[in-house]
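Descriptive structure summary
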Amino acid sequence: EMKMKVICLYGEPSAGKTALMLSLTSRLKRLGVNADIAGEYYKEKVYENTPVGEEDNLAEITKRTHSLVDKTGGQLGIFAEQYKRLKRLEGTVDFAVTDCPLPLIGYYSRNDDDPHLFGSIKYRHSTFDNIGFLLKRTHEFESRARVHSEDEAMQVSKELPGFLSNFTDGKEKITIVKSCDDLDD
């Protein structure tokens, strides 16, 4: 039995990870590949807690979403839900495409108070056959229904490559891409 491959789409907020996940999964399916998505849990929570008309109110979105995430277990809860989404696909698809790979949760939880969380994320990620792509934003920052500002996104963009290299101990080759067109091979 072939082990499920996880296509991990990394990048700063608004880099286009979700759009690429959907486009790539669609392309794989059209080619007859058994693939599905493991979408970002946190983004769903942002949309669930953003009333119509307040999509551009960063302060309110952030406050409501952080409050909800705290009630659902903080970064540990996000990690548990995202891991569950990947495990649910194991044994049913050949490729899982995710816009929220576990190391991204590791990046955002690196200052978390739980001393075991980071190690748990690293271990669980290593149990999958991962293929990483680091998406570089080539378009204007999209602020609607986001919890990060453009400056914060740019900081993530600067820090993420080094973080990922250390996180994966160099065992996961991560290719830099700008769009789905870069993945034609």
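In this text, all values refer to a predicted model and were calculated from it rather than measured experimentally.

1. Some points on the environment of glycine 39
Summarising the element assignment, glycine 39 is placed in the loop between β2 (35-38) and α2 (41-48). Of the residues examined, glycine 39 reaches a relative accessible area of 14% and is grouped as buried. Excluding its chain neighbours within four sequence positions, the residues that come into contact with glycine 39 are Met21, Gln82, Arg85 and Asp99.

2. Quick word on the sheet that holds strand β1 (residues 5-11)
Adjacent strands of a sheet form backbone hydrogen bonds with each other and so pair up, either parallel or antiparallel. Pairing within the open sheet is parallel, and its 5 strands lie in the order β2-β3-β1-β4-β5. Unpaired on one side and paired on the other, β2 and β5 (174-177) mark the two borders of the sheet. Direction aside, the axes of adjacent strands within the sheet are offset by 25 degrees on average. Relative to strand β3 (residues 95-98), β2 runs parallel, the two sharing 4 bridges. Residue pairing in the sheet places alanine 38 in a bridge with threonine 98 of β3. The strands touched by helix α1 (residues 17-30) within the sheet are β1, β2, β3, β4 (129-135) and β5, with β2 carrying the most contacts at an inclination of about 165 degrees. Most of the contacts of helix α4 (residues 74-89) go to β2, to which it runs at about 165 degrees, and overall it touches β1, β2 and β3.

About the criteria used
- Just so you know, the residues in each chain are numbered from 1, in the order the chain's sequence is written.
- In keeping with the model being predicted, local features are shown solely for residues with a pLDDT of at least 70 and side-chain atom pairs are shown and tallied solely at 80 or more, while totals for entire chains, interfaces and linings include all residues.
- Only hydrogens and water are removed before side-chain values are computed, so all heavy atoms of the structure are retained for them.
- A run of H or I in DSSP counts as a helix once it spans at least four residues, and a run of E counts as a strand once it spans at least two, with each numbered from the N terminus.
- Under the scheme applied here, a residue whose accessible area is under 20% of the maximum for its type counts as buried, over 50% as exposed, and between as partly exposed, the area being computed with a 1.4 Å probe on protein chains only.
- Any pair of residues with heavy atoms lying within 4.5 Å of one another is described as a contacting pair.
- Note on pairing: two strands pair once DSSP finds at least 2 bridges between them.
- In this analysis an axis means a line fitted to C-alpha atoms, helices contributing only their contacting stretch, and an angle means the value between N-to-C directions, from 0 to 180 degrees.

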